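# Report on the structure
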Amino acid sequence: MKLLMKLILITSSLFLASLIMAHEGHEHAKQLDQASAIEAASIKMAELIQEGQLPSLWGQQDAMHAQLARVNGLQNWIISYLDSEGKQRLELMFSMTGEFVSFTRIPISDTAAN
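Notes on the structure in this doc start here.

With that out of the way, let us pick up the overall build of the chain. Regarding its fold elements, the chain presents 3 helices and 4 strands. Traced from its N-terminal end to its C-terminal end, the chain shows the element sequence α-α-β-β-β-β-α. Of the roughly 8,500 Å² of accessible surface on the chain, a fraction of 57% belongs to carbon and sulfur atoms.

Here helix α2 (residues 34-50) contains 17 residues, and its C-alpha end-to-end distance of 24 Å stays within 8% of the 24 Å for a straight helix at 1.5 Å per residue. All of the buried residues in α2 are Ala-37, Ala-40, Ala-41, Lys-44, Met-45 and Leu-48. Burial along α2 is one-sided: seen end-on, the buried residues are contained in an arc of 140 degrees. The exposed set on the far side of α2, more than 90 degrees from its buried face, consists of Ala-35, Glu-39 and Gln-50. Considering only its buried residues, α2 is in contact with β2 (74-82), β3 (88-95) and β4 (100-107).

Below, the discussion takes up unusual backbone geometry. The phi dihedral of Asn-72 is positive, around 55 degrees, even though this residue is not glycine. A relative accessible area of 78% means that Asn-72 is categorised as exposed.

Moving on: the sheet that holds β4. Taken together, the 4 strands give an open sheet; going across it, the order is β1-β2-β3-β4, and neighbouring strands pair in antiparallel fashion. Bordering the open sheet on either side are β1 (63-71) and β4, each of which pairs with just one other strand. Pairwise comparison of adjacent strand axes, ignoring direction, gives a mean angle of 20 degrees for this sheet. Note that β3 and β4 share 7 bridges and pair antiparallel. Bridging from a neighbouring strand, Leu-90 pairs with Arg-105 of β4. Contacts from α2 reach β1, β2, β3 and β4, with the element oriented near 60 degrees to β2.

It is worth spelling out the pairing of β1 at this point. Along any regular strand, the residues point their side chains to alternate faces of the sheet. With 8 bridges joining them, β1 and β2 adopt antiparallel strand pairing. Opposite Ala-63, over in β2, you have Tyr-81 as the bridge partner. In sequence, β1 turns back onto β2 through a hairpin of 2 residues, with Asn-72 there showing a positive phi of about 55 degrees.

Topologically, Asn-76 is positioned in strand β2. The class for Asn-76 is buried, based on a relative accessible area of 6%.

Conventions and cut-offs
Residues numbered from 1 in each chain as written. Predicted model: local features only at pLDDT ≥ 70, side-chain atom pairs only at ≥ 80, totals over all residues. Heavy atoms only, no water. Helix = DSSP H or I, 4+ residues; strand = E, 2+ residues; numbered from the N terminus. Areas by Shrake-Rupley, 256 points an atom, 1.4 Å probe, with all protein chains shown as cover. Expected span 1.5 Å × (residues − 1). Buried < 20%, exposed > 50% of the residue type's maximum accessible area, 1.4 Å probe, protein only. Arc of directions from axis to C-beta. Contact = heavy atoms within 4.5 Å. Pairing = 2+ DSSP bridges. Axes fitted to C-alpha atoms, helices over the stretch in contact; angles between N-to-C directions.

Geometric descriptors of this kind do not, in isolation, establish any biological role.
Next up, the structure:
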């Protein structure tokens, strides 16, 4: 009988805990639109420059374009920048909710530009 009471108590505690955790009032993460994605990329780029992961010349570049792309089955924002000499492209990737995923610097060859 004591075992049954303990099981009932544990089960009801778990049930009530899940109700408490799932109550209304928690906002779901808002998804980025294109303007917000570009703003998030600008902020992250400044952080990467400050941390020494990117040269300061990237801070002077405006976003070339921002687009949604499916990467590994997930929708992500990819914001692209082109350096002033047109020799490198920088891509910053963010999740739909604005979480920074990664950045990549891609060399642009002369033959690819023609």
